[in-house]
Amino acid sequence: MDKVEREIEMYIQVDGFEKDRFNRESYLWTAEDRIEWQETQIGNAQRLNELLEERNDLQKQLRS
């Protein structure tokens, strides 16, 4: 459970850093850079959702 919590926190922090970076730097990026950034963000969001589901499952197991 602790490992999942740490990973969730990491993804949330990285998301915040990346959104700040996008706001600061994206005007300098090429279209390819923007597409790559978006694809990475989509992958990170999917992984975060998986982790949140895993945490919910673990919490349900602990309550049983």
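For clarity, every value in this text was computed on a predicted model and none was experimentally measured. (Residues numbered from 1 in each chain as written. Predicted model: local features only at pLDDT ≥ 70, side-chain atom pairs only at ≥ 80, totals over all residues. Heavy atoms only, no water.)

Student: Explanation requested: the nonpolar core in the structure shown.
Tutor: Nonpolar side chains tend toward joint burial in soluble globular proteins. Judged by nonpolar contacts, Val4, Ile8, Tyr11, Leu48 and Leu51 together constitute the single largest core of five residues. Within the residue set of this core, elements represented by two or more residues are helix H1 (2–25) and helix H2 (31–63). With three residues, H1 is the largest single contributor of residues to this core. Every residue in contact with Tyr11, bar those within four places of it in the chain, is listed here: Asn44, Arg47, Leu48 and Leu51. (Core = buried A, V, L, I, M, F, W, Y, C linked by side-chain atoms within 4.5 Å. Buried < 20%, exposed > 50% of the residue type's maximum accessible area, 1.4 Å probe, protein only. Helix = DSSP H or I, 4+ residues; strand = E, 2+ residues; numbered from the N terminus. Contact = heavy atoms within 4.5 Å.)

Student: Mind showing me how you'd approach the pattern of salt bridges here?
Tutor: Between side chains of opposite charge, a pair can form as their charged atoms come close. Applying the stated criterion across every chain, the model contains eight salt bridges. Residues Asp15 and Lys19 are paired through a salt bridge, measuring 3.0 Å at the closest nitrogen-oxygen approach. Of this pair, Asp15 and Lys19 are both found in helix H1, four residues apart, which corresponds to roughly one turn of the helix. The class for Lys19 is partly exposed, based on a relative accessible area of 43%. Arg47 serves as the salt-bridge partner of Glu50, at 3.3 Å between the closest nitrogen and oxygen. In this pair, Glu50 and Arg47 both sit in helix H2, three residues apart, roughly one turn of the helix. For Glu50, a relative accessible area of 44% gives the class partly exposed. (Salt bridge = Lys/Arg side-chain N within 4 Å of Asp/Glu carboxyl O.)

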